[in-house]
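Notes for the structure review
Below, each chain spelled out in residue letters.
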Amino acid sequence: MTKKVRVRFAPSPTGPLHIGGVRTALFNYLFAKKHQGTFILRIEDTDQNRYVEGAEQYIIDALNWCGIPFDEGPNKNETFGPYRQSERKHLYKQYADKLIASGNAYYAFDTAEALDYHRKDHEAKGKTFIYNWHNRLKLSNSLSLSSEDVQAKLDAGDDYVIRFKSPQDETLHLMDIIRGDIKIDTNILDDKVLFKSDGMPTYHLANIVDDHLMEITHVIRGEEWLPSLALHYQLYKAFGWETPEFAHLPLILKPTGKGKLSKRDGDKLGFPVFPLKWTDPTTHEVSRGYKEDGYFPDAMINFLAFLGWNPGTEQEIFNLDELVSAFELERVHKAGARFDPDKIKWFNHHYMQEEANDDLAEAFKKQHTELKEIDVNYISLVVGIIKERATFISDFWELSSFFFTAPTSYDEKAFKKALKDDTKDIMTHVISIINTIEDFTVENLQTNIKGWITSNDISFGKVMMPLRLALVGALQGPDVFDIMYMIGKNETVKRIENIVKTL
Ligand code: GLU
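The structure reproduced in this document is the subject of the present report. (Residues numbered from 1 in each chain as written. Predicted model: local features only at pLDDT ≥ 70, side-chain atom pairs only at ≥ 80, totals over all residues. Heavy atoms only, no water.)

Glancing now at the packing of aromatic side chains. In the structure shown here, the tally under the stated rule is 28 aromatic pairs. Relative to Phe327, the ring of Trp309 has its centre 5.9 Å away and its plane inclined at 40°; by these criteria the two rings are tilted. Linking Trp309 in the loop between helix H9 (297-305) and helix H10 (320-326) with Phe327 in the loop between H10 and strand S13 (337-338), this pair joins segments that are 18 residues apart in sequence. Using a relative accessible area of 1% as the deciding quantity, one classes Trp309 as buried. Each member of the aromatic cluster is reached from another via a ring pair, and the members are Phe27, Phe306, Trp309, Phe318, Phe327, Trp346 and Phe347. Against the face of Tyr131 rests Arg163, its NZ or CZ located 3.8 Å from the ring centre. Of note, Lys343 hangs over the ring of Phe347, and the distance from its end group to the ring centre comes to 5.8 Å. (Phe/Tyr/Trp six-rings, centres within 6.5 Å; stacked < 30°, edge-to-face > 60°. Helix = DSSP H or I, 4+ residues; strand = E, 2+ residues; numbered from the N terminus. Buried < 20%, exposed > 50% of the residue type's maximum accessible area, 1.4 Å probe, protein only. Lys NZ or Arg CZ within 6 Å of the ring centre and 35° of its normal.)

This is the structure we're talking about:
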C-alpha cells in the first residue's frame, strides 16, 4: 500500500507572506488534493529574534482568502501537533543528542570572535572559511578536545553549538522530482549548526525532525532551499529515517526576467507582492495587497499556478478544482518564472465575467456613496452591461456613472465633433419620437429612431453622436439604446433637452 500523501507549508512568521510563499503553499495544496492527501501548516518560529507580531495570522488569513486552507495546523486537527516549532522546543534536544551519540554530530565551543577571526583571515587571503573535515581538528570542539575538557566546558555552562559532522570523500546522490538526480561531493559541505546552547534547534534540525514526526511524504518548497538538501539527506540517513521526496520550485523573477522578485519590488515597480495588505507593527508602513487592490482570489490562484507550472496544453483558464486534477509536479519546470503583473490583470478580467452580477453590484454599491440610494437590482443590470470592459470593480464608476447621474459637462472635443448646425432640430425631433413611444423598450426605441433616420436619409452620426453625448457626456459607453432604456424615458428626454439648451 502506498503511503497517504502528507505535505507541509512551513513558513517562518517573519513578516507578511510574499507572493512566492503563496505559490509554494498553492503547489503543496494542489499536490495534496490531487492525491487525496493532507495539507499541513507548520509555523517555523525557532528564530525568536525574527518573530513578527501578526505574521502568523496574516499567513492563515492569506491562505483562507486564496481558498487553499490547511487541513492540519495551529488550532486545527492537531493530531501531529503542536504545529508551532516554538511549542515543540522540548522535542529537539534529544535528537541532537542522538546524533552526538552516533558520531554524526559534535559539540563546538568556538566563540563568535574566534570564528570571525578565521572568516576575516580567510577573506584577506581570498579564501572562504568553511568549518568542516579539513580544519575541524584545529578548532575548538569535542573532536579536537579531550572528553574531560569537553565535559568541563559543558559543566561550566560555556556556550556551545552542536554541529553536523559532514563526511569526507563521499558522493551524495540527491533526488529532486523537478531537477532530477543531483550529485554532491561531501568535501565541499560545511558542518552546519544544528542546535545552540540557548536550547533552540536551527532550521535544519527542527525541519527534519518535524517532517519525520509529522510523517511528511513530499517536501515541496522554494529553490532557495536546494543548497540545504545535501545536509537534509544526510540527516535522514544519520537518523536512519526514510527520506521524503523533494521538489524545489523555481524562483520567481522580476517582470524584466532578471533577478529574483523581492519583497521590496512591489513598492518599486508599482504592483503588490503580497496577497493581503500588511501594516508593519513597528514602522506602521503599509504594503499593498492583491485583495485590497481588487483582485479575485480565483485570478490570483490561476495566475500563481502558472508561475513555474503549465498543463502542457494551450488552456490557461483553470479554476481550483481543474488545477487540482491537472497539476503534476513533473510538469513544474526548473527555469525561473517571470512575474508578469499584466497577466494577473488579464486573469482578473476573466474572473470578473464569471462573478455574479448581484455580488459585483453589492461590492460596487459599497464603494460609492453616490449609489447609496440606488436599488441594487438596477446596479446589477448596469454591471451586466459594463463589466466586459472592466478589470476591477473600481473601474465600474468610470464606465457607468451616466447610468446613475446626468452628465454635468460635455467632453470638449466630442462636443465640437458631434454638434452641427442642424443638431438642435434633429434632437428636438428625437425627443418627439421618444415621447410617442408608449412601451419604452430597447426594440421600440431602435425601430422608431432608426426607422426615422433611414426614411429621412439622415446620416447616422448626425443623430447618434449628439444623442450619445447628451446621455453620457462623451463619445463612449455601451449601446445608446441600452442606456436610454436603462435610465428611462423621463431621464432620457431631460438629458437631450439639456444638450439642446446649450446650442
Ligand atoms: N521555514 C522555511 C521557510 O521559511 C521552510 C523551508 C522548508 O520548506 O523546508 O521557507
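Further remarks concern helix H17 (residues 442-455). Between the first and last C-alpha of H17 there are 20 Å, a value that for 14 residues agrees with the 20 Å anticipated at 1.5 Å per step. Residues of H17 that are buried make contact with helix H16 (423-436), helix H18 (460-472) and helix H19 (480-487). Phi turns positive, to about 60°, at Asp457, one or two residues after H17. (Expected span 1.5 Å × (residues − 1). Contact = heavy atoms within 4.5 Å.)

Counting residues in each nonpolar core, the largest one holds 114 residues, and the members touching the most others are Phe404, Val430, Ile449, Val463 and Met484. Membership of the second largest hydrophobic core comes to 34 residues, among which are Phe164, Leu172, Ala206 and Val219. (Core = buried A, V, L, I, M, F, W, Y, C linked by side-chain atoms within 4.5 Å.)

Time to look at the packing of H17 against H18. With their axes 9 Å apart at the nearest point, H17 and H18 run at an angle of 145° to one another. Where H17 approaches H18, its residues Ile449, Lys450, Trp452 and Ile453 are matched on the opposing element by Phe460, Val463 and Met464. Residue composition of the contact of H17 with H18, grouped by class: 6 nonpolar, no polar and 1 charged. (Axes fitted to C-alpha atoms, helices over the stretch in contact; angles between N-to-C directions. Nonpolar A, V, L, I, M, F, W, Y, C, P; charged D, E, K, R; others polar.)

Here we take up the sheet that holds strand S7 (residues 193-196). Within a beta sheet, neighbouring strands are joined by backbone hydrogen bonds and run either parallel or antiparallel to one another. On the basis of which strands lie adjacent, the open sheet formed by 3 strands has the order S3-S4-S7 and antiparallel pairing. Whereas interior strands pair on both sides, the edge strands pair on one side only; in this sheet they are strand S3 (105-108) and S7. Here the average twist between neighbouring strands, direction ignored, is 25°. Pairing between strand S4 (residues 161-164) and S7: 3 bridges, direction antiparallel. Paired with Arg163 across the strands is Val193, a residue of S7. (Pairing = 2+ DSSP bridges.)

Here the focus is the site of the ligand. Contacts to the ligand come from Arg8, Ala10, Pro11, Ser12, Glu44, Tyr203, Asn207, Arg221 and Trp225. Take Ser12: an N or O atom from its side chain is 3.1 Å from a nitrogen atom of the ligand. For the ligand, an oxygen atom lies 3.1 Å from a polar atom in the side chain of Asn207. Across the complex, the protein chains shield 84% of the 300 Å² of accessible surface that the ligand would expose by itself. A majority-of-atoms criterion places the ligand in the largest pocket. Of the residues in the shell around the ligand, the class split is 4 nonpolar, 2 polar and 3 charged. (Near = heavy atom within 4 Å. Polar contact = N/O pair within 3.5 Å; in protein donor to acceptor, adjacent residues only side chain to side chain. Areas by Shrake-Rupley, 256 points an atom, 1.4 Å probe, with all protein chains shown as cover. 1 Å grid on protein atoms, 1.4 Å probe; cavity = no way out; pocket = protein on both sides within 12 Å on 5 of 7 lines; lining within 4 Å. Sits in = over half its atoms within 2 Å of the grid points.)

A word on the pairing of S3. Burial of S3 is two-sided: the residues Ala105 and Tyr107 facing one way and the residues Tyr106 and Ala108 facing the other way are all buried. Two strands pair when backbone bridges link them, and S3 and S4 are joined in this way by 4 bridges, in the antiparallel orientation. Bridging from a neighbouring strand, Tyr106 pairs with Arg163 of S4.

In this section: the layout of surface pockets. In this structure, the largest pocket spans a volume of roughly 1,200 Å³. Together, 48 residues line the largest pocket, and Pro11, Ser12, Thr14, Arg50 and Trp225 are the ones closest to its centre. Contributing elements (two or more residues each) for the lining of the largest pocket: strand S1 (6-9), helix H1 (19-34), helix H6 (203-213) and strand S8 (218-222). Per-element tally for the lining of the largest pocket: the top contributor is H1, with 5 residues. Of the residues in the lining of the largest pocket, the class split is 19 nonpolar, 16 polar and 13 charged. (Points joined across faces, edges and corners; volume = space filled by probe spheres on them.)

To continue, consider the side chain of Arg84. With respect to the element layout, Arg84 can be found in the loop between helix H2 (55-66) and helix H3 (89-101). The buried category is assigned to Arg84, whose relative accessible area is 16%. In terms of polar contacts, Arg84 uses its side chain to reach the side chain of Glu56, at 2.8 Å. Within the structure, Arg84 has its side chain in polar contact with the side chain of Glu87 (distance 2.7 Å). Once residues within four sequence positions are removed from consideration, Arg84 is found in contact with Ile43, Asp45, Glu56, Pro74 and Asn75.

Attention shifts here to the environment of Ile43. Tracing the backbone through its elements, the reader meets Ile43 in the loop between strand S2 (38-41) and H2. Assessed through its relative accessible area of 0%, Ile43 is described here as buried. Put simply, Ile43 and Lys196 are 153 residues apart on the chain and 20 Å apart in space, counted from C-alpha to C-alpha. The contacts of Ile43, once residues within four sequence positions are left out, are Pro11, Pro13, Glu56, Pro74, Tyr83, Arg84 and Gln85.

The next subject is the packing of H16 against H18. In contact at an axis separation of 10 Å, H16 and H18 are set at 80° when each is read in the N-to-C sense. On the basis of their axis angle, the class for H16 and H18 is roughly perpendicular. Residues Thr423, Ile426, Met427 and Val430 of H16 form the contact with H18, whose participating residues are Lys462, Val463, Pro466 and Leu467. Within the contact of H16 with H18, the residues separate by chemical class into 6 nonpolar, 1 polar and 1 charged. (Parallel < 35°, antiparallel > 145°, perpendicular 65-115°, else oblique.)

This paragraph deals with the environment of Leu360. Looking at the secondary structure, you find Leu360 in helix H12 (residues 357-367). Put simply, Leu360 and Lys387 are 27 residues apart on the chain and 9.2 Å apart in space, counted from C-alpha to C-alpha. Look past the residues within four positions of Leu360 in its chain and what remains in contact with it is Phe296, Met352, Glu355, Val383, Lys387, Ile393 and Phe396.

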